[in-house]
Amino acid sequence: MPGPFKLEDVKDIVIAKIDATANDVPPPLQYKDPILRSCEPKRSVNGREELRTLLKGKLDKKLSALNKFAEAYERRQHDLESLASLRQTISSFELGIHTEIELVTSGINTAFLSLSSTVEKQYSEQAGPYHAVKILLAPSGAYEIKVNIVDCAEKGTVDLNDHASLRKLVCKISSQSGYKVCPGLTEEEKYNDLLSKIGYQPKNAVCRTWPWSVMRHANCLLFHVPNNTRLSGSQIEDGLKDSCSSCKILSRDLNKILTRRESQRSEEKSGKGKVRLERKYYKTVANKYWQKSKVVLGQTESDELCRLVNEIESNEDGQKELENIFDEAETSRNGRGSTLREVWKKEKLDFLKDQRTNATGKKSNMWSTATFRIGELFK
């Protein structure tokens, strides 16, 4: 245990006696508060004790800062040793993977092992040199597959002692793996400024301008094994050879929307657009009147109509009467009887469907016209 704090232990302070008769008496001890540095100097009442308290507090803060720095330094050294050992393990896989140790100044991890397929970097005027795909591997086993500098294609945790799992992860960025970066929708001119072309920005289309301009699906795979077995000619022209399935679907949907909007504009110019709008308006009006013309039947009427249909089907007189009606229609005009027979079958099916749908017997049940026509026959 260290002894009590004493002023004599501080080398920068000299405590001395003076002869007040032979020297000018100095003013009382003054000091500035280390927290409120902009304030005026404070006058000490009990100089020695007050100075001891002030210096001890400052010394404790320095010791605390030094301890934190020492802990951070030890943690970083431990992380660097772990990453160096991990680097040797990955080199033993002989996959041609380039490894670098990257230091960070914030976060839980103090360093990462960066894995990339090649030593050479690509270059962008906006972002400078970069690796298109790299794996950031932490000493704890946490990893991220970074694509195009800012995008995270995959994240998770791998057991660093399990060499099989570690090799499987590293193999994803090797040149023989078949994995590629999804380029998104490469036809910038076609899909540029969708807001002015189609009137809105689709929610599943994500646009980004840094580190370069790109549009892709919101659920883009970013880093995947492309399937180019079913590419159409238009997809090849649009540069979707290595794009993921989500981006291909987005391109197809956007092409349909753009084509439809172009045809709508041409129809509006030629006058066909007005006809289409009028047709839509009249459909709305017809649907409105059809809703108003529906009639509500109760359970009693429903049961009675069911009984009538059963009587027709089961009674010989009813069947004979139906056959007579069909024959008379056939004699009046060729083919009319068979048509009437088909109408009866269809009406009967619609009627039975009504009974199944409206089995609850509530007053709010809605009935088709077939039910009313059958009811009219037996008034």
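Computed from a prediction, not measured in an experiment: that's the story for all the values here.

Criteria and thresholds
- Position labels on residues start from 1 in each chain and follow its written sequence.
- Restriction of local features to residues with pLDDT of at least 70 applies here, the model being predicted, together with a cutoff of 80 or more for giving and counting side-chain atom pairs; totals for whole chains, interfaces and linings are based on all residues.
- Hydrogen atoms and water are omitted, and side-chain values are computed over all heavy atoms in the structure.
- Helix and strand labels come from DSSP, where a helix needs a run of H or I of at least four residues and a strand needs a run of E of at least two; each type is numbered from the N terminus.
- Burial classes: relative accessible area under 20% of the type maximum marks a residue as buried, over 50% as exposed, and values in between as partly exposed (1.4 Å probe, protein chains only).
- Whether two residues touch is decided by their heavy atoms; if any such pair falls within 4.5 Å, the residues are in contact.
- For accessible areas, the Shrake-Rupley method is used with a probe of radius 1.4 Å. Any residue's cover is judged against the shown protein chains and nothing else.
- Strand pairing follows a simple DSSP-based rule, namely that at least 2 bridges must link the two strands.
- Here an axis means a line fitted to C-alpha atoms, over the contact stretch when the element is a helix, while the angle between two N-to-C directions is reported on a 0 to 180 degree scale.
- Disulfide assignment relies on a single distance test, namely cysteine sulfur atoms paired within 2.5 Å.
- In the sections that follow, a salt bridge refers to a side-chain nitrogen of Lys or Arg positioned within 4 Å of a carboxyl oxygen of Asp or Glu.
- Any helix carries an expected span of 1.5 Å times its number of residues minus one.
- Arc definition: directions from the helix axis to the C-beta atoms.

Structural notes on the overall build of the protein
Then, in step 1: For the protein, the count of helices and strands is eleven helices and 13 strands.
Then, in step 2: By the burial criterion, 28% of the 379 residues in the protein qualify as buried.
Then, in step 3: Relative to all contacts within the protein whose residues are 6 or more apart in sequence, the contacts with residues 24 or more apart total 51%.
Then, in step 4: Carbon and sulfur atoms form 52% of the exposed surface of the protein, whose accessible area is close to 26,700 Å².

Notes on the sheet that holds strand S8 (residues 142-147)
Then, in step 1: Pairing within the open sheet is antiparallel, and its five strands lie in the order S3-S4-S7-S8-S9. A strand with exactly one partner marks an edge of an open sheet, and here the two such strands are strand S3 (98-103) and strand S9 (151-157). Within the sheet, the average angular offset between the axes of one strand and its neighbour, ignoring direction, is 20°.
Then, in step 2: Against the sheet, helix H2 (residues 163-171) contacts strand S4 (111-116), strand S7 (133-137) and S8, and its axis sits at roughly 150° relative to S7.

Focus: the state of the cysteines
Then, in step 1: Within the structure shown, the criterion is met by zero disulfides.
Then, in step 2: Cys 182 takes part in no disulfide bond, and the closest cysteine sulfur to it belongs to Cys 220, at a distance of 3.5 Å.

Things to note about the pairing of S4
Then, in step 1: When you tally the buried positions in S4, you get six out of six residues, the bulk of the element.
Then, in step 2: The two faces of S4 match: Ala 111, Leu 113 and Leu 115 on one face and Phe 112, Ser 114 and Ser 116 on the other face are all buried.
Then, in step 3: With three bridges connecting them, S4 and S7 associate as antiparallel partners. Following the sheet pairing, Ser 114 is matched in S7 by Leu 136.

Description of the pattern of salt bridges
Side chains carrying opposite charge are able to pair once their charged atoms draw close together.
Then, in step 1: Per the stated rule, a full pass over the model turns up nine salt bridges.
Then, in step 2: Between Glu 154 and Lys 172 there is a salt bridge; the shortest N-O distance is 2.9 Å. Of this pair, Glu 154 sits in strand S9 while Lys 172 sits in the loop between H2 and strand S10 (180-181), and the two are 18 residues apart along the sequence.
Then, in step 3: Overall, Glu 154 belongs to the partly exposed group, its relative accessible area being 26%.
Then, in step 4: Measuring nitrogen to oxygen at the nearest pair gives 3.9 Å for the salt bridge that ties Lys 180 to Asp 242. Here Lys 180 is found in strand S10, whereas its partner Asp 242 is found in the loop between helix H5 (233-237) and helix H6 (245-270), with 62 residues between them in sequence.
Then, in step 5: Taking the relative accessible area as the measure of exposure, Asp 242 reaches 22% and is therefore partly exposed.

Overview of helix H9 (residues 316-332)
Then, in step 1: An ideal rise of 1.5 Å per residue puts 24 Å on 17 residues; H9 measures up with 24 Å between its terminal C-alpha atoms.
Then, in step 2: Restricting attention to buried positions, one finds in H9 the residues Gly 318, Leu 322, Phe 326 and Ala 329. The arc that holds every buried residue of H9, seen down its axis, measures 75°, which confines them to one face. Structural note: H9 exposes Glu 316, Asp 317, Lys 320, Glu 328 and Thr 331 on the side pointing more than 90 degrees away from its buried face.

Quick look at H2
Then, in step 1: Here H2 has its buried residues at Leu 166, Leu 169 and Val 170. Viewed end-on, H2 has its buried residues packed into an arc of 95°, placing them on one side of the element. Opposite the buried face of H2, by more than 90 degrees, sit the exposed residues Ala 164 and Lys 168.

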